[in-house]
Amino acid sequence: MAGNTRFYLGKYREIVLAVAFFLVFDLAVLILNFVISFQISEDAVAINLAGRQRMLSQRMSKSVFDLLNEPRQDSLRELGDTTALFEKTLSAFEAGGITAGGSGSPVTLPAVRSDAGRAALATARASWEAVRPALAELLAGGLDEDKRRAAAGLIRQHNPILLKEMNLLTSALEAEAGAKANRLRLIQTGGIVLALGNFLFILLKFIRRLRASDAATEAAQQETREILGTVREGLVLVDKAFRLGSQQSRSFGDVLGLPVAAGDSLLDLLSRLVDGPTLNAAREYLELLLAGRVKESLVEDLNPLAHVSVLAGNRGKRHLSFKFNRVVSGNELSHLLVTVLDISEQVRLEEALQDAQRNAEKDIDLLLKIAAAQPEALHHYLGFAENELLLINDQLRDLGRRRDTRAINHIFRRVHALKGEAAALDLPFFVSLAHAVEEPLSRLRREDISAEAAESELLAIPVALEAFLQRISQVHILTRNLRRYDKANAHLPDLPEALRTLSLGVAQRQGKTARLQLELAPLATLPERLQAPIREISQQLLRNALVHGIEAPELRLAGGKDAIGQVQISLNQDGEDWVLRCRDDGNGIDPEKIRRDLLQKSVLPADEVTAMSHRQLVQTLFLPGVSTADGSDEDAGRGVGLDLVRHEIGKHGGQMRLQSRPGHFTEFIVRFEV
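Residues numbered from 1 in each chain as written. Predicted model: local features only at pLDDT ≥ 70, side-chain atom pairs only at ≥ 80, totals over all residues. Heavy atoms only, no water.

**Q** Please explain the overall build of the protein as it appears in this structure.
**A** The helix and strand tally for the protein stands at 21 helices and 12 strands. For the protein, the proportion of its 674 residues judged to be buried stands at 40%. A sequence separation of at least 24 residues applies to 65% of the contacts in the protein between residues at least 6 apart. Carbon and sulfur atoms make up 54% of the accessible area of the protein, which amounts to about 36,200 Å² in all. (Helix = DSSP H or I, 4+ residues; strand = E, 2+ residues; numbered from the N terminus. Buried < 20%, exposed > 50% of the residue type's maximum accessible area, 1.4 Å probe, protein only. Contact = heavy atoms within 4.5 Å. Areas by Shrake-Rupley, 256 points an atom, 1.4 Å probe, with all protein chains shown as cover.)

The structure is reproduced here in structure tokens:
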């Protein structure tokens, strides 16, 4: 602290000395003014009394002449009073002393110092000494005529001299008082001139210092503005009332995505960025920091705004990180320094890294699945899928940007078939790719989709197809490098094994347990033209049974059933016909439930749904886009499974019959004529 005092005294030494000189000089001038003013006051009294001496000499003469003409005691008393006062005052002028003032009160007169005054007093004393004995005898002898005449003669002779000398004394005193007044004026004038000079010196020094200080301050402010205008972080000071300070970085409002101004409440800004619980937690955290009772480092991990996702303006979802630091001034906490970072890019990089890690895991899983797959089945699927996707791509080019519902439904069925085949082969990566192609197709089938949205969805399908084809190409390369299949002996994969794999996968994803019973011995004699449709239809019906038919274990137990569901798939030859059956002991088909689902989802016009019979309601299950599932996933919810079954049956000249009892079973019977 002492060092700082010396520094500032040194910095402002000239100004401090000038102010000190100004104060000392003013004090000296005041003292001189007081002294000279006192002396002038004394001179004024002396001048007044010198004038009185003239008056006293006149009164003495009058009293003497009154006594000469008419002797009276009052004239004698007056002569005594004036004589005594004149003598006392004259002595006071000569040697200094006390005499009676104009009001009768005693006053002190200093001895006259001027030469003219002393000369006048000497002459006046000589004349007075010539007159005074006669006056004394007159006063002592009463009213004796001779004494009166002697006194009158002396008074007549010396009174003009006394008057003259008293006038000279008065003039001398006035001259001395005038000299002192002139001296006082000179001192005051000099004091004023010096005071003005000193003031101008101080003013110039102050102005120069202020200019230098203002220049340094402006330079510092300019540097601060450049720093605040350059940093990418949002920086601002917040007071104890959570109000923003005037100094803030240019990026502060940009990072927040909100207009900000000095004096705005930080909590009001946060309320537009985060939800209520986060805002309350932030308020409590800020109050804890401002209370200053705990160390800042100990509560840093409690910061609820260290990483928040926000939606502000038209910039979409962003990720921000807030940091708060205490600002202490004079051992007292005054503000919080708020630092805001836009970490969206960092979060995107982290998510990209996580995606890369997941993709790497998927690639490893892909390798493991390829290694475990039957080479012949995998080879067949790759070729089949590649051809199907290329055909779909050609259809999309023909479709252009038009929304052809029939063409879209046809493409949807082919993609769903690829998805089912992949699930049967336990190739989940191909299931996901097919699912990604189904997403825009599913949205295109909605009646309420706008032309602009439909165009966007049509453009998204080739992207998903390209990803599917690239993965097929990668798997082709992998399988060739691993030499895991033999093209010469390629044949259709084993259907029973594919159905068992599909059953396990779908049941596990749906959280159900089911026992699959297969009676497919006649497959060996099945005509070649029916092999592919039988395979496709059986897979779709099995998926439908597991998703829509078989209930969850707890529901089955509550309904008095075994927790494990039963699904039976059989293939028989009835004369010249081939009959495929798929039966499950699930909850059956409830037409009224179908009606409620159709009305709730607005899949079909409400008046048509209301007027439908039970048979018509059941038939809607085979329409494109109709599904009674609560949501959509890899296994159901798109309304394409039974549509694909109907399409395959019609394509190969088959017929289908549906039997169901609500709460007990559902059975699909498909018949193909040879």
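**Q** Help me out: how do you make sense of the nonpolar core in this one?
**A** Note that soluble globular proteins tend to have their nonpolar side chains buried in a common cluster. Of all hydrophobic cores here, the largest spans 75 residues; its most connected members are Tyr381, Phe430, Phe468, Val567 and Ile569. The biggest single contributor to this core is helix 14 (residues 451-482), with 9 residues. The contact partners of Ile569, leaving out residues within four places of it in the chain, are Leu499, Leu516, Gln517, Leu518, Glu519, Leu520, Ser538, Leu542, Leu580, Arg581 and Cys582. Ranked by size, the runner-up nonpolar core spans 32 residues in total, among them Ala46, Leu67, Val112 and Leu162. (Core = buried A, V, L, I, M, F, W, Y, C linked by side-chain atoms within 4.5 Å.)

**Q** Please explain the sheet that holds strand 3 (residues 234-238) as it appears in this structure.
**A** Pairing is antiparallel in the open sheet, where 5 strands are placed in the order 4-3-7-6-5. Each edge of the open sheet carries a strand with a single partner, namely strand 4 (244-248) and strand 5 (308-311). Neighbouring strand axes in the sheet, compared pairwise and without regard to direction, differ in orientation by 35 degrees on average. Where strand 3 lies against strand 4, 2 bridges are found, and the strand directions are antiparallel. Residue pairing in the sheet places Val236 in a bridge with Gln248 of strand 4. (Pairing = 2+ DSSP bridges. Axes fitted to C-alpha atoms, helices over the stretch in contact; angles between N-to-C directions.)

**Q** Sorry if this is basic, but what is going on with the sheet that holds strand 12 (residues 665-673) here?
**A** Taken together, 5 strands build an open sheet; the order of strands is 8-9-10-12-11 and the sheet is mixed. Strand pairing shows two members of the sheet lacking a second neighbour, strand 8 (514-519) and strand 11 (654-661), which therefore form its edges. Here the average twist between neighbouring strands, direction ignored, is 10 degrees. Two strands pair when backbone bridges link them, and strand 11 and strand 12 are joined in this way by 8 bridges, in the antiparallel orientation. From the neighbouring strand, Arg657 faces strand 12, where its bridge partner is Ile669. Docked against the sheet, helix 15 (residues 495-510) engages strand 8 and strand 9 (565-574), running at close to 170 degrees with respect to strand 8. Relative to the sheet, helix 21 (residues 641-651) contacts strand 11 and strand 12, its axis offset from that of strand 11 by approximately 140 degrees.

**Q** Just to check I follow, could you spell out helix 13 (residues 428-444) for this structure?
**A** Along an α-helix, residues three or four apart share an orientation, since each turn contains 3.6 residues. The end-to-end C-alpha distance of helix 13, which contains 17 residues, comes to 25 Å, matching closely the 24 Å that a straight helix rising 1.5 Å per residue would cover. Along helix 13, the sharpest change in direction is near 25 degrees and occurs at Glu438; proline Pro440 comes one to four residues later. Listed in full, the buried residues belonging to helix 13 are Phe429, Phe430, Val431, Leu433, Ala434, His435, Val437, Glu438, Pro440, Leu441 and Leu444. (Expected span 1.5 Å × (residues − 1). Bend = angle between axes of the 7 residues up to and from the residue.)

**Q** Sorry, what's going on with the packing of helix 15 against helix 16 (residues 528-549) here?
**A** Relative placement of two packed helices is described by the angle separating their axes and the distance separating the axes. The N-to-C vectors of helix 15 and helix 16 enclose an angle of 25 degrees; their axes lie 10 Å apart at closest approach. Here helix 15 lies roughly parallel to helix 16, going by the angle between them. In this structure, helix 15 crosses over helix 16, and the sense of that crossing is right-handed. Contacts between helix 15 and helix 16 involve Leu495, Ala498, Leu499, Leu502, Ser503, Val506, Ala507 and Gln510 on the former and, on the latter, Ile534, Arg535, Ser538, Gln539, Leu542, Arg543, Leu546 and Val547. (Parallel < 35°, antiparallel > 145°, perpendicular 65-115°, else oblique. Left-handed = near helix turned anticlockwise from the far one by under 90°.)

Without other data, these values stay purely geometric and don't point to any function.
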